[in-house]
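Each chain is listed here by its residues.
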Protein chains: 2
Amino acid sequence: MNISNIRFDERGLVPAIVQDAQSKEVLTLAYMNEEALQKSLETGEAWFYSRSRQELWHKGETSGNTQRILEMRYDCDQDALLMLVEPQGPACHTGSYSCFSETIHGEAAGAYTDRFSIVNQLEQIIAK
Amino acid sequence: MNISNIRFDERGLVPAIVQDAQSKEVLTLAYMNEEALQKSLETGEAWFYSRSRQELWHKGETSGNTQRILEMRYDCDQDALLMLVEPQGPACHTGSYSCFSETIHGEAAGAYTDRFSIVNQLEQIIAK
């Protein structure tokens, strides 16, 4: 555990991508300040910094939909995080499994993953 | 194609997560301004805005490592994008398949995906 390498932006934040470790679906993009990152590493559960409420936020504290962190990675610029998690319930405040449920462009999900679509669907069902 | 819903931040940028549509590995977190988003949708290839160079950037223009966009989604707050892509070569400027290759915390990748590890490895190998 070494967070001194992480570069926080001018707001003191770093974006954190949350990915389901089993299904590999991307669930959320949220932000951490240094305290949220430390809490996440200490507790093994996802803590963020809410930009709208301007406060530290333990994911799932009120909803119960916590996220257990299985692995945390950072990128080549040290200014983005990727967390592989085991989610308890939906990631999104709307009740959806993932926050990324609206499509701007492209085929319906799965149409281009013909080779793997059955396996992907099975993984998602098991992971849910 | 409707980008008027997307909320750009005070810098005029929106973060875009790039995910391999086949292996489902997260490759990169980059940023788009409105022009980069329009170019991405028009051309079907990833365009970003480089914060360090402060210019529009067609991913792979010099390296050849372009990313064909199969699907683009946005999140519940309309302030983050997720692109499922077919990458031509490595995503990272270091030559790595993904920009997220450094681990802060957690088991070696795959240790917690026992049930699917062979399938995941196979998907990654095929996708590369």
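In the nomenclature of an unreviewed UniProt entry, chain A corresponds to Histidine biosynthesis bifunctional protein HisIE from the organism Anoxybacteroides rupiense. Per its UniProt entry, chain A bears the Subcellular location (unreviewed entry) comment "Cytoplasm".

Things to note about the state of the cysteines
In a disulfide, the sulfur atoms of two cysteines are covalently bonded to one another. In total, this model carries zero disulfides over all chains according to the counting rule given. Here C92(A) is not disulfide-linked; the sulfur of C76(B) is the nearest cysteine sulfur, at 3.5 Å. Residue C92(A) is classed as buried on the basis of its relative accessible area of 5%. Residue classification places C76(B) among the partly exposed positions, given a relative accessible area of 22%.

Describing the UniProt feature "domain: Phosphoribosyl-AMP cyclohydrolase" (unreviewed entry) in chain A
Under the local residue numbering, the UniProt record ascribes the feature "domain: Phosphoribosyl-AMP cyclohydrolase" (unreviewed entry) to residues 29–100 of chain A. Across residues 29–100 of chain A, the secondary structure splits into 14% helix and 38% strand, with the terminal C-alpha atoms separated by 9 Å.

So, the sheet that holds strand β1 (residues 14–20) of chain B
Strand order in the open sheet made by the five strands is β7(A)-β5(B)-β6(B)-β1(B)-β2(B), with mixed pairing throughout. The outermost strands of the open sheet, each flanked by one partner alone, are β7 (102–106) of chain A together with β2 (26–32) of chain B. Each neighbouring strand pair of the sheet contributes to a mean axis angle of 25 degrees, computed without reference to strand direction.

Details of the relation of the copies chain A and chain B
You can overlay chain A on chain B at an RMSD of 0.0 Å; the transform is a turn of 180 degrees with a shift of 0.0 Å along its axis. Taken together, the turn and the small shift mark the pair as related by a two-fold rotation axis. Minimal C-alpha distance to the rotation axis in chain A is attained by K24(A), lying at 3.0 Å. Comparing interface residues between copies, 98% of those in chain A also lie at the interface in chain B; the contact surface is shared.

Examining the environment of T66(A)
Residue and element names in this part refer to chain A. In this fold, T66 is placed in the loop between β4 (55–58) and β5 (67–74). We classify T66 as buried; its relative accessible area is 16%. Each C-alpha atom, one on T66 and one on V26, is 16 Å from the other, the two residues being 40 residues apart in sequence. Discounting residues that sit within four places of it in the chain, T66 has contacts with E45, H58, K59, G60, E86, P87 and Q88.

What to know about the packing of aromatic side chains
According to the stated counting rule, one finds two aromatic pairs over all chains in the structure shown. When the centroid spacing of 5.2 Å and the interplanar angle of 45 degrees are considered together, the rings of F48(B) and W57(B) count as tilted. Residue classification places F48(B) among the buried residues on the basis of a relative accessible area of 1%. Lying across the ring of Y31(A), R11(A) places its NZ or CZ 5.6 Å from the centre. Across the ring face of W57(A), the terminal group of R53(A) is positioned such that the distance to the ring centre comes to 5.6 Å.

A short note on the environment of R73(A)
Residue and element names in this part refer to chain A. Here R73 lies in strand β5. The class for R73 is buried, based on a relative accessible area of 10%. In the structure, R73 is positioned 56 residues away from I17 in sequence and 9.8 Å away in space, judged by C-alpha atoms. Engagement of the side chain of R73 in a polar contact is seen with the side chain of E71, the distance being 2.8 Å.

Examining the confidence of the model for chain A
A residue-level look at chain A finds 88% of positions with pLDDT of 70 or above and a mean pLDDT of 89. Predicted complex, confidence summary: ipTM 0.85, pTM 0.85.

Regarding the interface of chain A and chain B
Taken residue by residue, the interface counts 56 residues in chain A and 55 residues in chain B. Across the interface of chain A and chain B, roughly 5,100 Å² is buried in total on both sides, 57% from carbon and sulfur atoms. Summed over the shared surface of chain A and chain B, the result is eight salt bridges. We note a salt bridge from R51(A) to D79(B), for which the minimum N-O separation is 2.9 Å. Between chain A and chain B we count 18 residue pairs in polar contact (both at pLDDT 80 or more) in total.

Conventions used here
- Residues numbered from 1 in each chain as written.
- Chains lettered and ligands numbered in written order.
- Predicted model: local features only at pLDDT ≥ 70, side-chain atom pairs only at ≥ 80, totals over all residues.
- Heavy atoms only, no water.
- UniProt positions renumbered as here; feature names shortened; annotations may be inferred.
- Disulfide = S-S within 2.5 Å.
- Buried < 20%, exposed > 50% of the residue type's maximum accessible area, 1.4 Å probe, protein only.
- Helix = DSSP H or I, 4+ residues; strand = E, 2+ residues; numbered from the N terminus.
- Pairing = 2+ DSSP bridges.
- Axes fitted to C-alpha atoms, helices over the stretch in contact; angles between N-to-C directions.
- Least-squares fit on C-alpha atoms with pLDDT ≥ 70 in both.
- Contact = heavy atoms within 4.5 Å.
- Phe/Tyr/Trp six-rings, centres within 6.5 Å; stacked < 30°, edge-to-face > 60°.
- Lys NZ or Arg CZ within 6 Å of the ring centre and 35° of its normal.
- Polar contact = N/O pair within 3.5 Å; in protein donor to acceptor, adjacent residues only side chain to side chain.
- pLDDT = per-residue confidence, 0-100.
- Buried area = accessible area lost by both parts, 1.4 Å probe.
- Salt bridge = Lys/Arg side-chain N within 4 Å of Asp/Glu carboxyl O.

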